[in-house]
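Residue-level structural notes
Here is how the chains run, residue by residue.
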Amino acid sequence: MRHVGWIAGAAAAVLVAAGAITYAVADGDGSGMKAPTADSADAGFARDMAVHHQQAVEMSYIVRDRTKDVEVRRLAYDIAQTQANQRGMLLGWLDLWELPKVSSDAPMTWMGMGDMASGKDGALMPGMATNTEMKKLNTLSGKQAEIFYLQLMTDHHKGGIHMAEGCVAKCEVGVEKKLAQGMVDAQQSEIKLMADMLKERGAKARD
């Protein structure tokens, strides 16, 4: 509980800053640069991270219904709200750029890693939970649900950070790079928080 509020505040600041310039991104970074192309890193990151974020939102709402623990419920709510808002921005940028929200290319092709995730059992990108794991989360309750959620979300954040760092390195739209760096910073902080929360419950992140 001690760090959740701080993380939520930092995430909110990122969202406000990004939201304020969302429409400026229609023409690249607002400097007259042309909008990204469908096969660009900017478009690829927006598409893939929107999918990645959606699962985090789903997991967070599942655990909020499976536990009464205030600390876990608050963290889950913060993650769900932050990532749902970021997902809306990413999809909104694709609309402004007049680019499709889906691609025939494999996820993470824009990073040169289209073969990194097999997509087996629904895990389309690194860090994503499988369909089996999502079903399992839905069957747990109390402490067991808390631990499994924190483990799944730690993996999820690690995969998300890897993708966001790819955008920081490869994207050309300034505000999108800034949003990606904000994701890296916030999710690294949340990983540390979740490690503490797992330790308090006699568990640890998965190898």
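I will try to describe carefully the structure that is included in this document. (Residues numbered from 1 in each chain as written. Predicted model: local features only at pLDDT ≥ 70, side-chain atom pairs only at ≥ 80, totals over all residues. Heavy atoms only, no water.)

Brief notes about the packing of aromatic side chains
For the record, the criterion: Here the aromatic set is Phe, Tyr and Trp, taking the six-membered ring for Trp, and pairing holds for ring centres within 6.5 Å; pairs whose planes are under 30 degrees apart are stacked, those over 60 apart are edge-to-face, and all others are tilted. Per-residue accessibility, obtained with a 1.4 Å probe over protein chains only, is compared with the maximum for each type, and a residue is labelled buried under 20%, exposed over 50%, and partly exposed between these values. The rule is short: NZ of Lys or CZ of Arg within 6 Å of the ring centre and within 35 degrees of the ring normal puts a charge over the ring.
A complete count under the given rule lists two aromatic pairs for this structure. Centroid distance tryptophan 93 to tryptophan 97: 6.3 Å. Interplanar angle 35°. Geometry classified as tilted. Given a relative accessible area of 0%, tryptophan 93 falls into the buried group. The aromatic ring of phenylalanine 148 is capped on one face by lysine 136, whose charged end is 4.5 Å from the ring centroid.

Digging into unusual backbone geometry
Counted only if it meets this: Working definition: helices are DSSP H or I runs of at least four residues, strands are E runs of at least two. Numbering for both runs from the N terminus.
We note that methionine 108 has phi near 70°; this positive angle belongs to a residue other than glycine. Residue position: methionine 108 is located in the loop between α3 (70-96) and α4 (131-139). Residues other than glycine seldom take positive phi values, yet aspartate 121 does so here, at roughly 55°.

Description of the environment of glycine 159
As a reminder of what qualifies: Any pair of residues with heavy atoms lying within 4.5 Å of one another is described as a contacting pair.
Structurally, glycine 159 is set in helix α5 (residues 142-170). For the pair glycine 159 and histidine 52, spaced 107 residues apart in sequence, the C-alpha separation works out to 8.9 Å. Leave out the neighbours within four places in its chain, and glycine 159 touches His52, Pro126 and Gly127.

Focus: the packing of α5 against helix α6 (residues 174-200)
As a reminder, the rule being used: A fitted line through C-alpha atoms represents every axis, and for helices the fit uses only the stretch in contact; the resulting angles, taken between N-to-C directions, go from 0 to 180 degrees. For classification purposes, angles smaller than 35 degrees are called roughly parallel, those larger than 145 roughly antiparallel, those between 65 and 115 roughly perpendicular, and all remaining angles oblique. Less than a right angle of anticlockwise turn of the near helix away from the far helix marks a crossing as left-handed, whereas a clockwise turn marks it as right-handed. Amino acids outside the nonpolar list (Ala, Val, Leu, Ile, Met, Phe, Trp, Tyr, Cys, Pro) and the charged list (Asp, Glu, Lys, Arg) are all regarded as polar, and Gly is one of them.
Interaxial distance between α5 and α6 falls to 8 Å at its minimum, and their mutual angle equals 155°. When the axis of α5 is compared with that of α6, the two are roughly antiparallel. For the pair α5 and α6, the crossing hand works out as left-handed. Class assignment of the residues belonging to the contact of α5 with α6 gives a composition of 15 nonpolar, seven polar and five charged.

Digging into the environment of serine 141
As for its position among the elements, serine 141 is in the loop between α4 and α5. Taking relative accessible area as the criterion, serine 141 reaches 44% and is therefore assigned partly exposed. As a C-alpha pair, serine 141 and threonine 67 span 74 residues in sequence and 5.8 Å in three-dimensional space.

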